[in-house]
Amino acid sequence: MPPIPCRQCSAPVSFDDATCPRCGAIQPARREIEARGYEWKSRGQWMGAPLVHVAFGHDTAGRTRVARGVVAIGQRAVGGVAIGIMAAGLVSIGFVSVGIFSLGIVSLGMIAGGVNAFGAMAVGVVAVGYEAGGVTAVGWKILFSLAGGGR
């Protein structure tokens, strides 16, 4: 089968290619791609944002859906309470999380907990912060540490 131009960058691609090697477009040989995943927003709103927004998968343009709301749940989540693979919010829970209170594999926040925790108060396997506790803790005040880190 002859190569087909990518719908975004016109690079030659095969019909079966999952992504374009040049621009990264999803299903580059198809003129239109179908939206995949799931998205739901509550009817209630607060300051223009839905109270609850759940979003997974990608839209018709091939972009990853982002959940944005007071409570946001999805692959990427941004909100007051954010739960996802990548989460950002006042309270965030995810593999990578950023927020005032954050919990995850890599977490950054005022109060952070997880495998790698960075913040004013951090608790984790590797914890870095003003007050830190964990297997390896580095900070001004060490809450507890097995490796004996310090300031």
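Before reading further, recall that the structure is shown in the block above.
Scoring rules and cut-offs
Residues numbered from 1 in each chain as written. Predicted model: local features only at pLDDT ≥ 70, side-chain atom pairs only at ≥ 80, totals over all residues. Heavy atoms only, no water. Helix = DSSP H or I, 4+ residues; strand = E, 2+ residues; numbered from the N terminus. Buried < 20%, exposed > 50% of the residue type's maximum accessible area, 1.4 Å probe, protein only. Contact = heavy atoms within 4.5 Å. Salt bridge = Lys/Arg side-chain N within 4 Å of Asp/Glu carboxyl O. Pairing = 2+ DSSP bridges. Axes fitted to C-alpha atoms, helices over the stretch in contact; angles between N-to-C directions.

Draft legend 1. Structural context of the environment of Ala120. Secondary-structure assignment places Ala120 in strand β7 (residues 66-145). The exposure class assigned to Ala120 is partly exposed, which follows from its relative accessible area of 35%. As for Ala120 and Leu108, which are separated by 12 residues in sequence, their C-alpha atoms are 9.2 Å apart. When sequence neighbours within four positions are dropped, the list of residues in contact with Ala120 reads Gly109, Met110, Gly129, Tyr130 and Glu131.

Draft legend 2. Region of the structure containing the pattern of salt bridges. All chains considered together, the criterion is met by 1 salt bridge. Close ionic contact of Arg65 with Glu39 constitutes a salt bridge, the shortest N to O distance being 3.3 Å. Of the two residues, Arg65 is situated in the loop between β6 (52-58) and β7 and Glu39 in strand β3 (residues 36-41); the sequence distance between them amounts to 26 residues. Overall, Arg65 belongs to the buried group, its relative accessible area being 14%. Relative accessible area serves as the criterion here: at 40%, Glu39 is assigned to the partly exposed category.

Draft legend 3. A look at the sheet that holds β3. Within the open sheet, the 3 strands sit side by side as β3-β6-β7. Their pairing is mixed. Looking at strand neighbours, the two that pair on one side only are β3 and β7, the edges of this open sheet. Recorded for the sheet is a direction-independent mean angle of 50° between the axes of neighbouring strands. Relative to β6, β3 is paired through 6 bridges, and the arrangement is antiparallel. Among the inter-strand pairings, Tyr38 is bridged to a residue of β6, identified as Phe56.

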